[in-house]
Amino acid sequence: MYRYVALTWDQENAQAREAVRDLIAAMEGEAEGWRKVLAVDGFMVWHVGEREGRMQTYLIRNDAGLAEGGVVLGKLFKRATAQHLVPTCLDGPESHSIIHTKGRHLTTNYWGRYVAFIRDEKGDGLNILRDPIGSFPCYYMRYRMVEIYFSYMPDIRKITGMSFSINWDHVAHFMAYGPQKTEQTGLGEVSELLPGQCLETPFPDNDPSFYWSPADIARNDPLEDIEQAARELRQTTRHCVAAWAACYNNVFHNLSGGLDSAIVLNCLKQAAVPPRISCINYFTEERQGDERCYARLAAEQASVPLYETCLSSANISLRRVLRLIKEAKPGNYLYERARDHFEPTWIREIGAEACFYGSGGDNVFFQPETHLGAVDFVQSHGLRSLLWRVALEAARLDRRSVWSVLTILLKQCFLKSYDRMKYIRNGYKTSLMAPDLIETLDPSRVLHPVLRMEEHIPPGKFFHIFIATSCPDYYEPLERKEDFLEPVLPLFSQPLVELCLRIPTWIMTAGGRERGLARRAFSDHIPQEIVRREAKGGADILYHAVLKRNLPFVKEMLLDGLLVRQGLLQRKGLEKVLSGDDHSVSAELVKILFHVGTEAWARDWYKG
């Protein structure tokens, strides 16, 4: 598990120097083997868990040719080249470009998952940059006159010994709208540097800059030729998957049986030097959650071994959520709890170095079943002859009559108004949350800041940007760091996200099908049964059984828990839902389990 801690301080401040000495002593006392990467002029970077070629450091040279210009932590790929490798110490011209542009050169000429610390040309300032997709975290806080930047909250909790307070406002927004990347975290003392954002130190009066704007990418140079779009989508997906594949010799691929995981598997096999690939499919005893027939087709076509594991409610104890290592913000622990009973065993057996996922395909390839593509077309082109095809496809996708869609489009054309926040406001909101609390929440808080002030992006693309920039964090919830298996979500790669943002939503849903362009691009490369299928597997029956089996624990957690005491959940509503009435439970099933994870997170940090 790769992690880092960076410190900046005023060398003239005695209190800061003392704090730095204490932090260094604490890190040197750790048995994990923290190693100092760079130490110059009130700036120091430590890391642990480096694997060259996977997650590592890239040193930046200063004008004197010394590797003291800064450091990039994580994984870098070079753009516009078939050779993905980037040297561990960047050469003079590249280093100069990175320093001179305060890191902008990285966002336009490289991609990957990284956080960069770049000293300015005079050597007395620092620019901290997080990559535009943002899977690798960058949190920051102040500790005894020292600014600390880090990736993994449990490290800081241990090294500093500090007590932290819960930011209940962030928790409320999380419960209403789900996981979010915002400047605030669930802890009052900790902030998050956002994807594509650059922070200058010493802190200037102005706010941090954004080097990457998904809205600008979507607006500039749109790609509306469907054949060209399909061709570029296939090529770019393969390029990104191949780049990640080149980092590993032996990988584990989570093959669900759906479209996205089948595409990733095909691209893994097509890589110039494919790693050894083993696939796993999780299924439930109920037909609704059994997609093995599709996973077998994909594995057979790719000639890779497929392990099949049945998820049973008997093996899923919600009480284990209390033992999870807690991060700086709450997360959705439900899926991880269902599978982590099995994965460490498989990992040890096959010796995998990473796990690849098709996660992100719904977001980047645009899965939502909505007529918004037709609305986008009207905003961009008006009522032209092509609209009839677009309207028919939108009607098929949204499962409504074409006349209903045309009525919406006419209103949009003449009234020129559309509620772009509608889909976001629906979010995770539940009847279990206090209505007066929900009224006080601001859904725009969960938007990428670049979108908050954006008024000229059509609603479908607005929603596409929102979901396509929602990459999960690098660290998954675990009970033990030893069980960490590096996650790789290649569909959340910057070149692919940028390409898909350029493609209008009515092209992304070509043929009136969610992810229609992706189906078209890979129709000759994955089994036709997977290309044609539109239903998704689900585990609601399994989760219902898990809830019933763990009902005493759920009641113990929620009825008199912190979320009720803080007024975020209604006790009466919970009592009704948890009374044993199956209909009530089914209506709020996933959200109840979601709230159990949030309650466990809050209890871990609460010091009241």
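Residues numbered from 1 in each chain as written. Predicted model: local features only at pLDDT ≥ 70, side-chain atom pairs only at ≥ 80, totals over all residues. Heavy atoms only, no water.

If you trace the six strands from one edge of the open sheet to the other, you get 2-3-1-9-8-10, paired in antiparallel fashion. Looking at strand neighbours, the two that pair on one side only are strand 2 (35–40) and strand 10 (191–192), the edges of this open sheet. By the bridge criterion, two bridges tie strand 8 (residues 139–143) to strand 10 in an arrangement that is antiparallel. Bridge assignment links Tyr140 to a residue of strand 10, and that residue is Ser191. (Pairing = 2+ DSSP bridges. Helix = DSSP H or I, 4+ residues; strand = E, 2+ residues; numbered from the N terminus.)

Let us now look at the confidence of the model for the chain. Per-chain confidence: the chain averages 86 in pLDDT, with 92% of residues scoring 70 or above. Element-level mean pLDDT values for the chain span from 57 in helix 10 (residues 334–339) up to 97 in helix 20 (residues 494–502). (pLDDT = per-residue confidence, 0-100.)

Our next topic: the pattern of salt bridges. All chains considered together, the criterion is met by 33 salt bridges. When the shortest N-O distance is used, the salt bridge between Arg452 and Glu183 registers 3.4 Å. One end of the pair, Arg452, is in helix 18 (residues 449–452); the other, Glu183, is in the loop between helix 5 (168–177) and strand 10, and 269 residues separate them in sequence. Glu183 gets classed as partly exposed once you look at its relative accessible area, which sits at 31%. For Glu308, the salt bridge is made with Arg292, and the minimal N-O distance between the two is 4.0 Å. With a gap of 16 residues between them, Glu308 in strand 15 (residues 306–311) and Arg292 in helix 9 (residues 292–302) connect regions that are remote in the sequence. The class for Glu308 is partly exposed, based on a relative accessible area of 30%. Three or more residues joined by partner-sharing salt bridges are found here, namely Asp260, Asp362, Glu514, Arg515 and Arg519. (Salt bridge = Lys/Arg side-chain N within 4 Å of Asp/Glu carboxyl O. Buried < 20%, exposed > 50% of the residue type's maximum accessible area, 1.4 Å probe, protein only.)

The residue Lys326 is located in the loop between strand 15 and helix 10 in this model. Among the polar contacts made by the side chain of Lys326, one reaches the main-chain carbonyl oxygen of Val321 at a distance of 3.1 Å. Here the side chain of Lys326 touches Leu322 through a polar contact of 3.4 Å, landing on its backbone oxygen. (Polar contact = N/O pair within 3.5 Å; in protein donor to acceptor, adjacent residues only side chain to side chain.)

This part is about the packing of helix 7 (residues 226–245) against helix 8 (residues 259–270). Closest axis-to-axis distance for the helix 7/helix 8 pair is 8 Å, and the angle between their directions is 65°. If you check the angle between helix 7 and helix 8, you find them roughly perpendicular. The way helix 7 lies across helix 8 gives a crossing that is right-handed. In this structure, helix 7 contributes Thr237, Arg238, Val241 and Ala245 to the contact, and helix 8 contributes Ile263, Val264, Asn266, Cys267, Leu268 and Gln270. A breakdown of the residues in the contact of helix 7 with helix 8 according to their chemical character gives six nonpolar, three polar and one charged. (Axes fitted to C-alpha atoms, helices over the stretch in contact; angles between N-to-C directions. Parallel < 35°, antiparallel > 145°, perpendicular 65-115°, else oblique. Left-handed = near helix turned anticlockwise from the far one by under 90°. Contact = heavy atoms within 4.5 Å. Nonpolar A, V, L, I, M, F, W, Y, C, P; charged D, E, K, R; others polar.)

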